[in-house]
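# What the coordinates show
Each chain is listed here by its residues.
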Amino acid sequence: MESNFNGSPSLSQQVEHARVNFPDKLSMYLELTDNSFDHGNATKAGIVISDKAITHIDNGVFSKERIKLAWCKNTENLKQYYTSDYRKNKLGKWNCGLTDASIIWGDKATLFIKNTDEEGNIQYFVNLIDWDRCKEENKYVFEYREANAKEIKYFQKKIQLVNNGEDWSNVTVVEFSELLTRNNKQTFDDMIKTYKGVYGGKHSNKEVKIIHKEKVEEIQYEEILLNDKFQTKYFHYYSKDNGESKVFEEEKIMTNPIFNKRFTFYVKYGILSKEELIQEKEDLGLRDLERSGHRIYRGVRSV
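Right, let's talk about the packing of aromatic side chains for a bit. Applying the stated criterion across every chain, the model contains twelve aromatic pairs. Centre to centre, the rings of Phe112 and Tyr124 are 5.8 Å apart; their planes meet at 25°, and the pair counts as stacked. Taken as a pair, Phe112 in strand 3 (residues 106-116) and Tyr124 in strand 4 (residues 122-130) lie far apart in primary sequence, twelve residues in all. The two residues Phe112 and Tyr124 agree in class, both being buried. Measuring from centroid to centroid gives 4.9 Å for Tyr154 and Phe155, while their planes differ by 80°, and the two rings are edge-to-face. Taking relative accessible area as the criterion, Phe155 reaches 4% and is therefore assigned buried. Every member of this aromatic cluster is reached through a ring pair, and the members are Phe112, Tyr124, Tyr154 and Phe155.

Of note in this structure, Asn41 is not a glycine but carries a positive phi near 55°. Summarising the element assignment, Asn41 is placed in the loop between helix 2 (25-38) and strand 1 (44-49). Positive phi values are uncommon outside glycine, yet Asn164 reaches one of about 55°. Along the chain, Asn164 turns up in the loop between helix 8 (149-162) and strand 6 (171-179). Residue class for Asn164 comes out partly exposed when judged on its relative accessible area of 43%.

Along the chain, Lys209 falls in strand 7 (residues 207-212). By relative accessible area, which is 8% here, Lys209 ends up buried. Once residues lying within four places of it in the same chain are set aside, the contact partners of Lys209 are Ala45, Gly46, Ile47, Leu161, Val162, Asn164, Val216, Glu217 and Glu218.

What follows deals with the layout of surface pockets. By volume, the second largest pocket is sized at about 320 Å³. Forming the walls of the second largest pocket are 16 residues, and the residues nearest its centre are Lys108, Ala109, Thr110, Leu128 and Glu151. Counting residues per element, the ones that place at least two in the lining of the second largest pocket are strand 3, strand 4, strand 5 (142-146), helix 8 and strand 6. Of the residues assigned to the lining of the second largest pocket, the class counts are seven nonpolar, two polar and seven charged.

Moving on, we get to the sheet that holds strand 9 (residues 231-239). If you trace the three strands from one edge of the open sheet to the other, you get 10-9-11, paired in antiparallel fashion. Of all the strands in the sheet, the pair left with one neighbour each is strand 10 (245-249) and strand 11 (260-269). Neighbour-to-neighbour, the strand axes of the sheet open up by a mean angle of 25°, direction not taken into account. Sheet topology note: the strand 9/strand 10 ladder contains five bridges and is antiparallel. By the bridge assignment for strand 10, His236 is matched with Phe248.

Adjacent strands of a sheet pair through backbone hydrogen bonds, lying either parallel or antiparallel. As summarised here, the arrangement of the eight strands in space is 5-4-3-6-2-1-7-8, forming an open sheet in which the pairing is mixed. The open sheet is flanked by strand 5 and strand 8 (215-220), the only strands paired with a single partner. Pairs of neighbouring strands in the sheet enclose a mean axial angle of 10°, with direction left out of account. When strand 1 meets strand 2 (residues 53-58), the two strands line up antiparallel, connected through five bridges. Of the residues in strand 2, the one forming a bridge with Ile47 is His56.

Using the criterion set out here, one finds 17 salt bridges in the structure. A salt bridge links Asp51 to Lys213, with the nearest nitrogen and oxygen atoms 3.9 Å apart. Placement of Asp51 in the loop between strand 1 and strand 2 and of Lys213 in the loop between strand 7 and strand 8 is noted, with a sequence separation of 162 residues between them. Here Glu143 and Arg145 are joined by a salt bridge, their closest N and O atoms 2.6 Å apart.

Conventions and cut-offs
Residues numbered from 1 in each chain as written. Predicted model: local features only at pLDDT ≥ 70, side-chain atom pairs only at ≥ 80, totals over all residues. Heavy atoms only, no water. Phe/Tyr/Trp six-rings, centres within 6.5 Å; stacked < 30°, edge-to-face > 60°. Helix = DSSP H or I, 4+ residues; strand = E, 2+ residues; numbered from the N terminus. Buried < 20%, exposed > 50% of the residue type's maximum accessible area, 1.4 Å probe, protein only. Contact = heavy atoms within 4.5 Å. 1 Å grid on protein atoms, 1.4 Å probe; cavity = no way out; pocket = protein on both sides within 12 Å on 5 of 7 lines; lining within 4 Å. Points joined across faces, edges and corners; volume = space filled by probe spheres on them. Nonpolar A, V, L, I, M, F, W, Y, C, P; charged D, E, K, R; others polar. Pairing = 2+ DSSP bridges. Axes fitted to C-alpha atoms, helices over the stretch in contact; angles between N-to-C directions. Salt bridge = Lys/Arg side-chain N within 4 Å of Asp/Glu carboxyl O.

As structure tokens, then:
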């Protein structure tokens, strides 16, 4: 008897797989802030935590062309994917962004965009997704349209919590609701600890405000100036289109033509002085038993 089953997992299975295999919700949330700062050119971001929802707000620009397909992962050719022009203003540069975060945090998500063009014309858009409905229909089902007056009013109130009275011409809001687990004070504390410990590189002097009920934490990261004994070493990352990859030191040359150079990264290494260790503890809020004395970057974010 012939079977119609092709061996591919259903969308419902993919959703449940993501929820089992990506348990770290905080790291997923950091991806949103990364993309806001790196691609949207945001200078400020805010996180509003309530019991039944969590909202990420920033003053960056979200590409109008990308809004329609915001919940769909990008799986195009890797060579194109790793170029800066192609990635500009796109969420999920590590292929682990908006889609995965929305699945892991809750059953529903809303993307709300305020765009102001060069003539000063303002437009508001929303894109809503319900993962329960997607699982039932076994396909991506989302609603993209201009935001209505009720939605604009609702999100403007949340934006006002983080913009310090400033009039942001462009705003990107991502809200996860019908959460898989309810937020509480521990969510707030964990979020603060996580954000304090990771932002550096070109994110210096950019702000993140975290709000839970009456509590507010404002984080502005200042990069530690390392002593002159630190060394820097550059590496090149190569890969095939099938995913196989190799990392070469800058001095070495890749001779295999089927490997394409994707990007270059560097490692800065050295030993922090006693004074620098004290400064790091003050800046990152590290406790006595937590790691200190080293910092590793993924892209431009310290992890």
